[in-house]
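Residues per chain, in single letters:
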Amino acid sequence: MAVLDPSCNQVVIRIVYDGPPEAGKTTSVRALATSFAGVTSTPEEDATGRTQWFDWMEYVGGRFEGSEIRCQIVTVPGQRALGARRRELLRTADAIVFVGDTSAARWPRTLTYLEELRQLRIDGVGAVGIVFQANKRDLPDAVGVADIRQQLGDARWTIGIVESVAADGTGIREAFVYAVRLALDRARDELAAGRLKTGTPAQVSPAELLAALRAAEAPPAASMEEALAIASPTVATALTSVAANLLGDVLAAEVDREWELEAASAEPEEPVRVALPLPPIPAVPPSKLAPRPPDASVPSGAIWPPVEGRTILLEVATVDLVPRRHTNGDWSAGLGTGWRLVSKRDAVFDSLDTGRNALVQWARLHAACTLIVSPHRCIVLAATGDGRWRLWQIVRAEESLRDLVERASSDAEAADLADSLCQTAHALVEVHARLADAPCDLPLTLDTIGACDASGMYIGLMPEMPVAPPGERRSPSAVVEAELAPLLVDRLRELEGALARRAPGDAQVAALLTNLRR
Amino acid sequence: MPSEKQIVDAFEKIAADLPGFMAASLVDIESGMTLGLKSVRPDFDLAAASAYNSEMVKQKLKIMRALNLKTHLEDMLLTLGDQIHVIKLIGPTTFVYLAVDRSQCNLAIVRTVLQKNAGAFL
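What counts and what doesn't
- In this convention, every chain numbers its residues from 1, walking through the sequence in written order.
- The naming scheme follows written order: chains are lettered A onward, ligands numbered 1 onward.
- Under the rules for a predicted model, residues below a pLDDT of 70 receive no local features and side-chain atom pairs below 80 are neither given nor counted, while totals for whole chains, interfaces and linings still include all residues.
- As a rule here, side-chain values come from all non-hydrogen atoms in the structure, and water together with hydrogens is ignored.
- Each pair of aromatic rings taken from Phe, Tyr and Trp, with Trp reduced to its six-membered ring, is defined by centres within 6.5 Å and is described as stacked if the planes are under 30 degrees apart, edge-to-face if over 60, and tilted in the remaining cases.
- Helix and strand labels come from DSSP, where a helix needs a run of H or I of at least four residues and a strand needs a run of E of at least two; each type is numbered from the N terminus.
- Note on exposure labels: buried denotes an accessible area under 20% of the residue type's maximum, exposed denotes more than 50%, and partly exposed covers the range between, all computed with a 1.4 Å probe on protein chains only.
- Counted as salt bridges are all cases of a side-chain nitrogen of Lys or Arg within 4 Å of a carboxyl oxygen of Asp or Glu.
- Residues belong to a common nonpolar core when they are buried Ala, Val, Leu, Ile, Met, Phe, Trp, Tyr or Cys residues joined through side-chain atoms within 4.5 Å.
- Contacts are assigned to residue pairs that have any heavy atoms within 4.5 Å of one another.
- In short, buried area is how much 1.4 Å probe accessible area vanishes from two parts on joining, totalled over both.
- The definition of a polar contact used here is a pair of N or O atoms within 3.5 Å, where within protein one atom must be able to donate a hydrogen and the other to accept one, and adjacent residues in sequence count solely through side-chain atom pairs.
- Here a strand pair is declared whenever DSSP counts at least two bridges between the two strands.

Points about the packing of aromatic side chains
Residues and elements named next belong to chain A. Under the definition given, this model contains 4 aromatic pairs over all chains. An angle of 90° between the planes, with centres 6.4 Å apart, marks the rings of Tyr59 and Phe176 as edge-to-face. Residue Tyr59 is found in strand E4 (residues 56–64), and its partner Phe176 is found in helix H5 (residues 172–192); the two are separated by 117 residues along the sequence. Both residues of the pair, Tyr59 and Phe176, count as buried. Plain terms: the ring middles of Trp107 and Phe132 are 6.1 Å apart, the flat faces sit at 90° to each other, and that makes the pair edge-to-face. With Trp107 in helix H3 (residues 107–125) and Phe132 in strand E7 (residues 129–135), this pair connects stretches of sequence that are 25 residues apart. As far as burial versus exposure is concerned, Trp107 and Phe132 are alike and both buried.

As structure tokens, then:
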């Protein structure tokens, strides 16, 4: 839990490195220490150099809300027999870097440990951000990134993935930076909610952390199975599910395998042949080919506008998004949530670089139109889940001029309706004038123009790239006539019908109707 | 436009040459988007800094147009209490934004190293 220490004006956060044994946790932290010119401390290692308690490193730098940031970087011991220590350390995390061994042979075990983390989170570290550090990417049999994304997506993990080779330091800093951001986001939320603790952190040195762990631990050290077994009632309930039973079977298999591996550490390892403990998959997925909608894990440089866009993405991430395919092949999501997420059929790219080029081109078009289009929108390049990238635009649903007129015509007096029509015509003329400077053709209709932010704004979707240069434009009066005349004609027909029903055959009414039609 | 990897590789070289290197990014002027970045400071929100700095560059270019200055904008230097920030324009659409620790580096070194590596961003 982040703590604000007023005695030294520091906010103290803890980043915990979790993962299976020999996945590269200690190597990652040591690489980090090299990168930051820091020093690591390991209280105890076994004869083979494996961590028994934790590795510890501190990094001080940067500021958070006026306070210096002190990062406590701690690894957990990976051995299953030391599961209680792992759980105790995870409980104190402000963000978790899960170091996963992505070699084909160790991949099942990585997934098992990751699933355990989900169980452990239920028991105390919920709402803590997790970064998946996909390690050992230099191995020839490493599982493909697309497969990793697919499997994590299938297991309903919405976590950022950073590829790494801890042995040479590649990707280590990126994963750490990502985790620090998550931890600071959490601290910021706690601060806003008045929950950020103030005072001296519970432990400020490896010696104090070691003492706390020893105190919390009744000898002999509880194993992972015991750690899971003594979990809260919520976990006990969860363990009755099919997925949890499967997890239990896998854990049992893993314990045996682990023990065998440790007994014969000199022998090369065989792949662990166990079923993956994936949670139940939703009964009716919208489509097997459905792309994953954008979420908060979108990498830096893949969203525009860079600052406001991320805020929008965080807001959108709180709603349940189910992408649906249209008959023309486009994808959309967000129906009924107040947000529209749309991706054109062809807006999918095989590489991040290609997608980013398209994103930048489109961002330039958006930037050139910022004075005309509604402000609550962004464009995002998001991983699809199958190794590709898809370009989305996210637009907040605003009240259109048509909504405005229809509301006025349904429940207002004639004078109010007249006001509403004047206001609408004024907005159309105003936007028409401003659209003259737009670098592309934006449709000017009652449905695409809204009255947000006290002025007329384009609230529709931006055209996809490449954009044709603006064509011949209608005059303002032609726009107003084309958009409002059908509404008035409909209204007139209603009026005619009402009058004719009230006084059929009345000469005066007939004359009035003739005048109205004229 | 160079790929993100090429951009990051170029920043790696700059970081190796520059004592006190903190963060750097290649930024699209029009949109403020980062095309590639490197940072050694986890608390430095480079994406946000790049976006805000693109506004500054756009305003400066606007001022130059308003003053009818018949020249080009080469770089912008900002001196903070403990940092030096340099914005160097790379072609008509992008700029490099670089932040270094002032106590470990000086402006001459920063400009020399940037000039040496600028070609990699074209």
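What about the pattern of salt bridges?
It is possible for side chains bearing opposite charge to pair when their charged atoms get close. Residues and elements named next belong to chain B. Under the criterion given, the structure shown has 19 salt bridges over all chains. For Glu55, the salt bridge is made with Lys58, and the minimal N-O distance between the two is 3.5 Å. Here Lys58 and Glu55 lie together in helix H2 (residues 46–66), a separation of 3 residues that amounts to about one turn. Classification of Glu55 as partly exposed rests on a relative accessible area of 40%.

Notes on the nonpolar core
Residues and elements named next belong to chain A. Ranked by internal contacts, the top residues of the largest apolar core, which has 57 residues, are Leu341, Val380, Leu391, Ile394, Leu428 and Met462. The greatest single-element share of this core, amounting to 7 residues, is contributed by helix H13 (residues 414–435). If sequence neighbours within four positions are ignored, Val380 has contacts with Pro294, Val298, Ala302, Ile303, Leu313, Leu359, Arg390, Leu391, Trp392 and Ile394. Listed in part, the 32 residues of the second largest apolar core include Ala31, Ile73, Ala166 and Ile172.

Notes on the interface of chain B and chain A
Counting residues at the interface gives 25 residues for chain B and 28 residues for chain A. Across the interface of chain B and chain A, roughly 2,000 Å² is buried in total on both sides, 58% from carbon and sulfur atoms. In this structure, the connection of chain B to chain A is made through 2 salt bridges. Linking B:Asp28 and A:Arg364 is a salt bridge whose minimum nitrogen-to-oxygen distance equals 2.5 Å. The interface formed by chain B and chain A holds 4 residue pairs in polar contact (both at pLDDT 80 or more) in total.

Describing the pairing of strand E2 (residues 34–39) of chain B
All names here are of chain B. Most of E2 sits out of view: 5 of its 6 residues are buried. One ladder, built from 5 bridges, connects strand E1 (residues 21–28) with E2; its direction is antiparallel. Looking at E2, one finds that Leu26 is bridged to Gly36. Where E1 hands over to E2, the hairpin turn is made up of 5 residues, of which Gly32 adopts a positive phi near 80°.

A short note on the environment of A:Asp18
Residue and element names in this part refer to chain A. The residue Asp18 is located in strand E2 (residues 10–18) in this model. Sequence spacing of Asp18 and Gln133 is 115 residues, and the spatial spacing of their C-alpha atoms is 9.8 Å. At 2.7 Å, the side chain of Asp18 forms a polar contact with the side chain of Arg86.

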